Amino acid sequence: MTQDPSPHEALETIRSARAAFGGRLVYPLTSRLVHATLMAGLVGVFAAPAWLSFWLAAVVAVGGVLLVRHDRARMGWRLGVGLSRRAPVVGLGLGIVLMALIALAMSPRLFDGPAWAPPLAVALAWLTAYWAGEAWMRAYRRDVAGNGG
């Protein structure tokens, strides 16, 4: 590169730096597993008996705080703050699916739904959250690398 780069060279340097940074972004498997377990626990709060719901909610809340603190300390940056347009959409989709799964988990209490609904809702919440973690990171990586439209 010359002493005073042309605008095209400078833009190419920025693009290559963004692509290299995006390639280093990895959502660790352990964090994905813990995240999926916490989301399944959140749905389980609504499926559990009343005496267990409080304790399960406390465990999920403390686990969520610890997971966020661990990820921020490990990765050294805040995920999802202003760098991505697609990642929040994935998070919103996960939230909508989790609301539907909470309704399914509560169905035996609300309108005498089937007894198999709460365990199914918890299992689907775990699978959905695991998949959403990967989809979120893929969207985030693409936006940070500048491959988004």
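Residues numbered from 1 in each chain as written. Predicted model: local features only at pLDDT ≥ 70, side-chain atom pairs only at ≥ 80, totals over all residues. Heavy atoms only, no water.

Peer 1: So what's going on with the overall build of the protein chain? Residues and values would help.
Peer 2: In terms of regular secondary structure, the protein chain is built from 5 helices and 0 strands. When the helices and strands of the protein chain are read in sequence order from the N terminus, they spell out α-α-α-α-α. Evaluated residue by residue, the protein chain yields a buried proportion of 32% over its 149 residues. Taking the intrachain contacts of the protein chain between residues at least 6 apart in sequence as the baseline, contacts between residues at least 24 apart amount to 78%. Looking at the protein chain as shown, the accessible area adds up to about 9,300 Å², and 70% of this sits on carbon and sulfur atoms. (Helix = DSSP H or I, 4+ residues; strand = E, 2+ residues; numbered from the N terminus. Buried < 20%, exposed > 50% of the residue type's maximum accessible area, 1.4 Å probe, protein only. Contact = heavy atoms within 4.5 Å. Areas by Shrake-Rupley, 256 points an atom, 1.4 Å probe, with all protein chains shown as cover.)

Peer 1: Please provide a residue-by-residue account of a nonpolar patch on the surface, values included.
Peer 2: A grouping of Trp-51, Leu-52, Phe-54 and Trp-55 is seen on the molecular surface, where their side chains present a nonpolar patch of about 540 Å² in accessible area. Within the fold, Phe-54 resides in helix 3 (residues 50-75). (Patch = residues over 30% accessible without salt bridge, like charges linked within 9 Å, V, L, I, M, F, W, Y side chains within 5 Å. Salt bridge = Lys/Arg side-chain N within 4 Å of Asp/Glu carboxyl O.)

Peer 1: Any chance you could break down the nonpolar core for me, citing the residues and the numbers?
Peer 2: Residues Val-43, Val-90, Leu-98, Leu-101, Trp-136 and Tyr-140 are the most contacted members of the largest nonpolar core, which totals 21 residues. Counting residues per element, the ones that place at least two in this core are helix 2 (29-47), helix 4 (87-111) and helix 5 (117-145). A per-element tally of this core places helix 5 first, with 10 residues. In this structure, Val-90 is in contact with Ala-132, Ala-135, Trp-136 and Ala-139, ignoring residues within four places of it in sequence. (Core = buried A, V, L, I, M, F, W, Y, C linked by side-chain atoms within 4.5 Å.)

Peer 1: Could you give me a rundown of the packing of aromatic side chains, with the residues and numbers involved?
Peer 2: The relation between two aromatic rings is expressed through the spacing of the ring centres and the mutual angle of the planes. Tallied over the entire structure, the rule returns 2 aromatic pairs. Where Phe-54 meets Trp-55, the ring centres are 5.0 Å apart and the plane angle is 80 degrees; that geometry is what we call edge-to-face. Here the two residues Phe-54 and Trp-55 agree in accessibility, since each one is exposed. Ring geometry for Trp-126 against Tyr-130: centres 5.5 Å apart, planes inclined by 5 degrees, an arrangement best described as stacked. One end of the pair is Trp-126 and the other is Tyr-130, both in helix 5 and 4 residues apart, which spans about a single turn. (Phe/Tyr/Trp six-rings, centres within 6.5 Å; stacked < 30°, edge-to-face > 60°.)

Peer 1: Account for the packing of helix 4 against helix 5, with residues named and values stated.
Peer 2: Close contact between helix 4 and helix 5 brings their axes to 9 Å; oriented N to C, the two are set at 180 degrees. When the axes of helix 4 and helix 5 are compared, the pair comes out roughly antiparallel. Taken together, the residues of the contact of helix 4 with helix 5 sort by class into 22 nonpolar, 3 polar and 1 charged. (Axes fitted to C-alpha atoms, helices over the stretch in contact; angles between N-to-C directions. Parallel < 35°, antiparallel > 145°, perpendicular 65-115°, else oblique. Nonpolar A, V, L, I, M, F, W, Y, C, P; charged D, E, K, R; others polar.)

Peer 1: Report on helix 2, specifying residues and quantitative values.
Peer 2: Given a rise of 1.5 Å per residue, 19 residues ought to cover 27 Å, and the 27 Å separating the end C-alpha atoms of helix 2 matches this to within 8%. Every buried residue of helix 2 is accounted for by Ser-31, Arg-32, His-35, Ala-36, Leu-38, Met-39, Ala-40, Gly-41, Val-43, Gly-44 and Val-45. (Expected span 1.5 Å × (residues − 1).)

Peer 1: Quick rundown of the side chain of His-35? Include the residues and the values.
Peer 2: Considering the arrangement of structural elements, one finds His-35 in helix 2. Not counting residues up to four positions away in its chain, the partners in contact with His-35 are Tyr-27, Leu-67, Leu-94 and Ala-129.

Peer 1: Now, about the side chain of Ser-53: what can you tell me, with residues and values included?
Peer 2: With respect to the helices and strands, Ser-53 occurs in helix 3. Overall, the relative accessible area of 13% leaves Ser-53 in the buried class. Discounting residues that sit within four places of it in the chain, Ser-53 has contacts with Val-45, Ala-48 and Arg-109.

Peer 1: Could you give me a rundown of the packing of helix 2 against helix 5, with the residues and numbers involved?
Peer 2: Taken N-terminus to C-terminus, the directions of helix 2 and helix 5 make an angle of 150 degrees; their axes are 8 Å apart at the nearest point. Taken together, the axis directions place helix 2 and helix 5 in an arrangement best described as roughly antiparallel. Where helix 2 crosses over helix 5, the handedness of that crossing is right-handed. Contacts from Leu-29, Arg-32, Leu-33, His-35, Ala-36, Thr-37, Met-39, Ala-40, Val-43, Gly-44 and Ala-47 of helix 2 reach helix 5 at Pro-118, Ala-121, Val-122, Ala-125, Trp-126, Ala-129, Tyr-130, Gly-133 and Glu-134. Tallied by class, the residues present in the contact of helix 2 with helix 5 amount to 14 nonpolar, 4 polar and 2 charged. (Left-handed = near helix turned anticlockwise from the far one by under 90°.)

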